[in-house]
Amino acid sequence: KLYKIDLADGARQPVTGLPDIEAKRQGGLLDVAINTLDNGSATVFFCYSKPVTGGSVTAIDRAHFAGTSLTNRRTIFMANNVSKNAIHYGCRLVLNDGYLYASLGDRGARYDAQNPAIHAGAIIRLHQDGSIPKDNPRLDGWAPEILSKGHRNPQGLAIHPDTGALWSHEHGPRGGDEINLITAGNNYGWPTVSYGKEYIGGTIGIGTSAPGFADPAWVWTPSIAPSGIAFYRGTMFPSLNGHLLVGSLKFKRLYLVRLSSSVPQDELVILDGSVGRVRDVAVAQDGAIFLLSDEADGGLYRLAKAGQ
């Protein structure tokens, strides 16, 4: 389901016009991004698990939004790896400079992340009308939408406000959660290289690094199960400016990853257990921080200084 929420009082209204969504295990309506126009209307993009013959796929729809209705909705992308495994969809969206970026998980078929023709385990880039940019990498055998490969289950995607670089984080197995700086044409290694371990004993791949694969900028071992990522810019919490906010499902925390010259240096826990599993994080125009918790009694939370 999709709701329009009044941030002043929390009142919510259901939004109509959604497609059929495979709300099963890790599947569902997984991310929303919006462009608001000068006339008050908006274009909405949303990523979700779409039911198809043989299972489901990660899909992206675009629609016009006015009031509480989606109109002129159409599917602008469907991943080409149909699976009955309702896991590892990825499915995070970023809009920037006329482009749409999306993260796609491996759907539990890890070796598909190294198959260049398959969308699994990739970051993709589209124009916002769904067409494919001519300057996408298009390396030998790569599907034309793909910007990078070798990802496991990326559930965080953000643009650095100063450099314009695309940052992502992804889940590793039993450790090996990663922050990656995405460069077009790079392969980030999963499952050939990984800091993670098998759930039932043993290492994965050939080690943690190898020629031809991009190394992560930051690694969590043990895993924190990262979900949601945002660069902080605002006046409400000036000490956070220029640093990275990351939610944690496993430890029910909000992390601050401190950067120097756009490189992660260390981390702090700035919220611990207060709202449960942190599924997403965003920064409001006034500098407040919004957190989305996916606990059974969770919800949308606003972090702000007293009286603001």
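Check the entry above for the structure.
My aim in this report is to walk through the structure given alongside it, one point at a time. (Residues numbered from 1 in each chain as written. Predicted model: local features only at pLDDT ≥ 70, side-chain atom pairs only at ≥ 80, totals over all residues. Heavy atoms only, no water.)

Attention shifts here to unusual backbone geometry. Backbone torsion omega between Trp190 and Pro191 reads -5°, so that peptide bond is classified as cis. Within the secondary structure, Pro191 sits in the loop between β13 (177-182) and β14 (218-220). The omega angle of the peptide bond from Thr221 to Pro222 is 5°, so this bond is cis rather than trans. Along the chain, Pro222 turns up in the loop between β14 and β15 (226-231). In this model, Asp97 sits at a positive phi of 50°, which is unusual for a non-glycine residue. Turning to its location among the elements, Asp97 is positioned in the loop between β7 (90-96) and β8 (99-104). (Helix = DSSP H or I, 4+ residues; strand = E, 2+ residues; numbered from the N terminus.)

The subject of this paragraph is the sheet that holds strand β18 (residues 263-272). Strands pair in a sheet through their backbones, by hydrogen bonds, and they do so in one of two ways: parallel or antiparallel. If you walk across this open sheet you meet the 4 strands as β15-β16-β17-β18, and the pairing is antiparallel. A single partner strand is all that each edge strand has here, and the edge strands are β15 and β18. Direction aside, the axes of adjacent strands within the sheet are offset by 25° on average. As defined by bridge partners, strand β17 (residues 253-260) adjoins β18 across 8 bridges and the pair is classed as antiparallel. Bridging across to β18, Leu256 finds its partner in Leu268. (Pairing = 2+ DSSP bridges. Axes fitted to C-alpha atoms, helices over the stretch in contact; angles between N-to-C directions.)

Pairing is possible between side chains that carry opposite charge, provided their charged atoms lie close to one another. Evaluation of the coordinates by the stated rule reveals 11 salt bridges. With its nearest N and O atoms 2.9 Å apart, the salt bridge here joins Glu198 to Arg110. Pair noted here: Glu198 is in the loop between β13 and β14 and Arg110 is in the loop between β8 and β9 (122-127), with a separation of 88 residues, a long-range link. Overall, the relative accessible area of 23% leaves Glu198 in the partly exposed class. Look at Arg110 and you get partly exposed, because its relative accessible area is 21%. One salt-bridge network, held together by shared partners, links Arg277, Arg279 and Asp294. (Salt bridge = Lys/Arg side-chain N within 4 Å of Asp/Glu carboxyl O. Buried < 20%, exposed > 50% of the residue type's maximum accessible area, 1.4 Å probe, protein only.)

Quick look at the pairing of strand β5 (residues 55-66) now. Across 11 bridges, strand β4 (residues 42-52) lies against β5 in antiparallel orientation. Bridge pairing in β5 links Val52 to Gly55. In this sheet, strand β6 (residues 69-78) lies alongside β5 in antiparallel orientation, the contact comprising 7 bridges. Looking across to β6, one finds that Ala66 is bridged to Ser69. In textbook terms, the turn of a hairpin is the stretch between consecutive antiparallel strands, and for β5 and β6 this stretch comprises 2 residues, one of which, Gly67, has a positive phi near 70°.

What follows concerns the nonpolar core. Ile60, Phe77, Leu93, Leu100, Ala102, Ile124 and Ile146 are the most contacted members of the largest nonpolar core, which has 20 residues in total. Listing elements by their share of this core, those giving two or more residues are β4, β6, β7, β8 and β9. Beyond its immediate chain neighbours, meaning those up to four positions away, Phe77 contacts Thr58, Ala59, Ile60, Leu104, His119, Ile124, Leu126 and Glu145. (Core = buried A, V, L, I, M, F, W, Y, C linked by side-chain atoms within 4.5 Å. Contact = heavy atoms within 4.5 Å.)

A sheet is described by the order of its strands in space; here 4 strands give the open sequence β11-β12-β13-β14, paired in antiparallel fashion. At either margin of the open sheet sits one strand with a lone partner, and together these are β11 (154-159) and β14. For this sheet the average axis-to-axis angle between neighbouring strands, irrespective of direction, equals 15°. Note: strand β12 (residues 166-170) against β13, 5 bridges, orientation antiparallel. What sits directly across from Ser168, in β13, is Asn180.

Right, let's get into the packing of aromatic side chains. Between two aromatic rings, the relevant description is the distance of the centres plus the angle of the planes. The full count for this structure, using the stated rule, is 4 aromatic pairs. A cation over a ring is seen here: Arg152 above Trp190, with NZ or CZ 5.4 Å from the ring centre. (Phe/Tyr/Trp six-rings, centres within 6.5 Å; stacked < 30°, edge-to-face > 60°. Lys NZ or Arg CZ within 6 Å of the ring centre and 35° of its normal.)

All right, on to the pairing of strand β16 (residues 244-248) then. With 5 of its 5 residues buried, β16 lies for the most part within the structure. Judged by which residues are buried, β16 turns out to be covered on both faces: Leu244, Val246 and Ser248 on one side and Leu245 and Gly247 on the other are all buried. With 4 bridges connecting them, β15 and β16 associate as antiparallel partners. From the neighbouring strand, Ala230 faces β16, where its bridge partner is Leu245.

Take the side chain of Asp61 next. Its place among the elements puts Asp61 in strand β5. A distance of 3.0 Å separates the side chain of Asp61 from the side chain of Tyr48, its partner in a polar contact. A polar contact of 2.7 Å, which involves the side chain of Asp61, links it to the side chain of Thr75. Sequence-distant contacts of Asp61, defined by excluding residues within four places in its chain, comprise Pro19, Val44, Phe45, Phe46, Tyr48, Arg73, Arg74, Thr75 and Ile76. (Polar contact = N/O pair within 3.5 Å; in protein donor to acceptor, adjacent residues only side chain to side chain.)

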